[in-house]
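The chain contents come next:
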Amino acid sequence: MDIKHQKKIDKTVTSLRKKDVTGGKVVTESWEPNLEYAWDNGPAISRYLAELKKGKLIGKRCNKCDRVLLPPRMFCEICWRPTDEWVYVEDTGTVNTFCISHVDWKAGRLNIKGGVRPFTPAVIEIDGASKGMGILHMIDKTNPKNIKMGMRVKAVWKPAEKREGSITDIEYFKPIGKKK
Amino acid sequence: MGYRKVAVVGAGITKFARYAQETVSELSYEATKMALDSCEMNLSQIDCVSVGTAPDAFDGIHMNGEAMAEGSGGWCKPVMRNYVGGGTGVMSAIHGWQHVASGMFDTCLVVAEEKMSSAFPHPAGAFLTIFDHTTEQPLMPTLLWIFAIEMQRFMATHGYDKKDIARVAVKNKGNALNHPSAQLGAEITVEDVLNSEIMAYPVNRLDVSPTSDGAVALVLAAEHVARRVTEKPVWIDGVGHALDSAYWCTRDLYYPDYVEVAARKAYEMAGIKEPHKEIHIAEPYDPFTYKELHHLEGLQLAPRGGSVKMLMDGHFDRDGNLPTCPSGGLLGVGNPIAAAGLMKVAEIFWQLRGEAGKRQVPGQPKCGLAQAWGDLMQVGTVVVMRA
């Protein structure tokens, strides 16, 4: 596998450019899948969603390892046993880590120079759940440059009539003062 | 335990390209044919095939393992597919090792392929479906986010500076200049990395590996076959893999426990007590710059919080004490997901045989390691090889 095998390696692949593909220079076949799914969420996540609709966050405790699991789970993956009671947790938490994204889900660029605010997703450790139990959500209404790890945040909920039992019933998390 | 010794006796690789006209099966054929030719073997001498290809969503072919099987020499043979995201390439080699070490088969072709260019407008969109469908997908996450989130945690925990981590890109893209398959070999500077487009802070464009099409193949053989086929077998002396929780937000992302678990299993099997002294050369998984360092710490090849200093001291350069990603890695050679992992195993094979040409590290390395990572920030796969 020396560089002197360059010619041999080059012959393995016909390298194209994007415009060769999108511009029809090579023959391609494209397909838009018409697929729809309805996912059953099981007892744990179904209750989680029902509580989100009420404006509350709920977890489930494992009495063996004494962890409050969030999102709730029907079994503890470490103790390998059914979990125990449901536990309401707070809608406040601490930023464990975050990023400042200039791209959307399909790597499309946001118009940052045009004033579009970058996405600031974060792992948020929720108060009342066990240490390290984070969830993915968005931080908003603050300059991305001011977001810090360890920052205290609180959920901003959609109005009750607009909630539908989804993680997006929380619109975003906003910074609050230090924990009392 | 009663394992048989297993050697890598041949390897093949295609060019890695952003858009390849060849189909998944044709790419697999090119790599497989080259691997068989390299050890002067033919398909009649092959007992089974271990294939690897990662998310079907890239190729747009449901059950892509079947699509690549014939090109992988699988016609009317036992063919088994591996599928653990980015960990797939090294997992395919581990799986091939299991087939031969167990005594079930004497030879095994290991073939890994990925064709990401089929997904439009960008393959990144396909990653949406790996997140939890109910609790995460509604937030429209992209894989870049969780890498950036993890990098931030890694940097903050150890006090690492982004501009130091950028040196991984400089090193790997530079190494790739000497790899005949490379898609993105380049001579760049730390400033180039820092000035490249921000994707998701702290990740800039040059901190990220490209999307690629390509394939890699290895020929594995039991000892009695290997000794007949080649004078330079490279032994797979240790393998390990481990899977952590899919609840990626509930782990502390600063440290890859699952990589440590996988590495310890591989070291124990290979009789390695002090990995940082006994491993001469390593191909840690580097889809992002920080990931190489993150994994080196998990592999016990750098102390927790000490990898950046070793990087800055030149420890990981081609002529350093522990050359890492001498191939050029995913950042330089390219990242056709499953094939990229197996490319790392192939690189250790060529390096330990002294056949890496201009990429050859000095000092005749005798013991090397390849590692890949994948799924949802959760799988570690490790092989330890000796000349």
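In case you missed it, the structure is sitting above this.
None of these values were measured; they are calculated from a predicted model.

Conventions adopted
- Residues numbered from 1 in each chain as written.
- Chains lettered and ligands numbered in written order.
- Predicted model: local features only at pLDDT ≥ 70, side-chain atom pairs only at ≥ 80, totals over all residues.
- Heavy atoms only, no water.
- Helix = DSSP H or I, 4+ residues; strand = E, 2+ residues; numbered from the N terminus.
- Rg over C-alpha atoms; globule rule 2.2 N^0.38 Å.
- Contact = heavy atoms within 4.5 Å.
- Areas by Shrake-Rupley, 256 points an atom, 1.4 Å probe, with all protein chains shown as cover.
- Lys, Arg positive; Asp, Glu negative; His and termini not counted.
- Charge placed at Lys NZ, Arg CZ, Asp CG, Glu CD.
- Buried < 20%, exposed > 50% of the residue type's maximum accessible area, 1.4 Å probe, protein only.
- Pairing = 2+ DSSP bridges.
- Core = buried A, V, L, I, M, F, W, Y, C linked by side-chain atoms within 4.5 Å.
- Buried area = accessible area lost by both parts, 1.4 Å probe.
- Salt bridge = Lys/Arg side-chain N within 4 Å of Asp/Glu carboxyl O.
- Polar contact = N/O pair within 3.5 Å; in protein donor to acceptor, adjacent residues only side chain to side chain.
- Expected span 1.5 Å × (residues − 1).
- Arc of directions from axis to C-beta.
- 1 Å grid on protein atoms, 1.4 Å probe; cavity = no way out; pocket = protein on both sides within 12 Å on 5 of 7 lines; lining within 4 Å.
- Points joined across faces, edges and corners; volume = space filled by probe spheres on them.
- Nonpolar A, V, L, I, M, F, W, Y, C, P; charged D, E, K, R; others polar.

Colleague: I would appreciate a short explanation of the overall build of chain A in the present structure.
Modeller: Each helix and strand counted, chain A has three helices and twelve strands in total. What you see for chain A is a C-alpha radius of gyration of 23 Å, clearly larger than the 16 Å of a compact globule of 180 residues, by over 25%. When its C-alpha atoms are laid out on the principal axes, chain A stretches across 65 × 45 × 40 Å. Within chain A, contacts between residues at least 6 apart in sequence are counted, and of these 53% link residues at least 24 apart. Working note: accessible area of chain A is about 10,500 Å², and carbon and sulfur atoms make up 53% of it. Averaged over its 35 positive side-chain charges, chain A has a centre that lies 7 Å from the centre of its 22 negative ones.

Colleague: Quick question: what am I supposed to make of the pairing of strand β2 (residues 57-62) of chain A here?
Modeller: Here is the key point about a regular strand: its side chains alternate between the two faces of the sheet. Residues and elements named next belong to chain A. Counted residue by residue, β2 has five buried out of six residues, so it is predominantly covered. Summarising the sheet, β2 and strand β6 (residues 86-89) pair through four bridges and their orientation is antiparallel. Paired with I58 across the bridge in β6 is Y88. In terms of strand pairing, β2 meets strand β3 (residues 67-69) through three bridges, oriented antiparallel. Within β3, the residue paired with R61 across the bridge is V68.

Colleague: Explain the nonpolar core here, please?
Modeller: Nonpolar side chains in soluble globular proteins tend to be buried together. Judged by nonpolar contacts, the single largest core of 143 residues is most densely connected at L218, W248, Y267, I279, V345, V384 and M385 of chain B. Among the elements that make up this core, the one with the highest residue count is helix α15 (residues 337-353) of chain B (twelve residues).

Colleague: Would you take a moment to explain the interface of chain B and chain A for this structure?
Modeller: Think of interface size as the accessible area that goes away when the parts come together; that is how it is often given. At the junction of the two partners, chain B supplies 58 residues and chain A supplies 55 residues. Buried surface at the junction of chain B and chain A, summed over both partners, amounts to about 4,900 Å²; 68% is from carbon and sulfur atoms. Per-residue buried area on chain B facing chain A is highest for Y19, L139 and W145 of chain B; these three make up 14% of the total on that side. For the pair chain B and chain A, the number of links is two salt bridges. The salt bridge partner of D10 of chain A is K15 of chain B, with a shortest N-O separation of 3.5 Å. Counting every contact that joins chain B to chain A gives 16 residue pairs in polar contact (both at pLDDT 80 or more). Among the elements of the structure, β2 (19-20), α1 (24-38), α5 (143-158) and β6 (198-201) of chain B are those that each provide at least two residues to the side of chain B that touches chain A. Element by element, the count of residues in the side of chain B that touches chain A is highest for α5 of chain B, at seven residues.

Colleague: Honestly, the pattern of salt bridges in this entry has me stumped. Any pointers?
Modeller: Side-chain pairs of opposite charge can arise whenever the charged atoms involved come near each other. All names here are of chain A. As enumerated under the stated definition, the model contains 36 salt bridges over all chains in all. Of the charged contacts in the structure, one is a salt bridge between R47 and E51, with a shortest N-O distance of 2.9 Å. Within this pair, R47 and its partner E51 are both found in helix α3 (residues 42-53), separated by four residues, close to a single helical turn. Using a relative accessible area of 1% as the deciding quantity, one classes E51 as buried. Among the ionic contacts, a cluster of salt bridges with common partners joins R17, D20 and K25.

Colleague: So what exactly am I meant to see when it comes to α3 of chain A here?
Modeller: Residues spaced three or four apart along an α-helix face the same direction, because each turn holds 3.6 residues. All names here are of chain A. The end-to-end C-alpha distance of α3 is 17 Å, a good match for the 16 Å that twelve residues give at a rise of 1.5 Å each. All of the buried residues along α3 are A44, I45, Y48, L49, E51 and L52. One side of α3 holds all its buried residues, which, seen down the axis, span an arc of 165°. On its buried face, α3 is in contact with β2, β6, β10 (134-138), β11 (152-157) and β12 (170-175). Phi for G55, located one or two positions after α3, is positive at around 85°.

Colleague: Got a minute to help me understand unusual backbone geometry in this structure?
Modeller: Here the residue pair L70 of chain A and P71 of chain A is connected by a cis peptide bond, since its omega of -5° sits within 30 degrees of zero. In this fold, P71 of chain A is placed in the loop between β3 and β4 (75-76). Put simply, Y201 of chain B and P202 of chain B share a cis peptide bond, and its omega is 10°. Summarising the element assignment, P202 of chain B is placed in the loop between β6 and β7 (203-204). Positive phi is not limited to glycine here, since W80 of chain A has a value of about 60°. Considering the arrangement of structural elements, one finds W80 of chain A in the loop between β4 and β5 (81-82). Here A107 of chain A, not a glycine, exhibits a phi torsion of approximately 65°, which is positive. Summarising the element assignment, A107 of chain A is placed in the loop between β8 (100-101) and β9 (121-126). Look at A107 of chain A and you get buried, because its relative accessible area is 9%.

Colleague: Can you walk me through α5 of chain B in this structure?
Modeller: All names here are of chain B. Across its 16 residues, α5 extends 23 Å between first and last C-alpha, which sits within 8% of the 22 Å expected from 1.5 Å per residue. The element α5 is largely enclosed, with a buried count of 13 among its 16 residues. Just past α5, the residue G159 takes up positive phi, approximately 70°.

Colleague: Help me understand the layout of surface pockets in this model?
Modeller: Over the atoms, a rolled probe matching the size of one water molecule traces out where space is still vacant. Taken as a whole, the second largest pocket spans an internal volume of roughly 380 Å³. Lining the second largest pocket are 26 residues, and of these I45 and P71 of chain A together with D132, T135 and Y247 of chain B sit closest to its centre. At the level of secondary structure, the elements contributing two or more residues to the lining of the second largest pocket comprise α3 and β10 of chain A. At five residues, the largest contribution of residues to the lining of the second largest pocket is made by α3 of chain A. A class-by-class count of the residues in the lining of the second largest pocket yields 15 nonpolar, seven polar and four charged.

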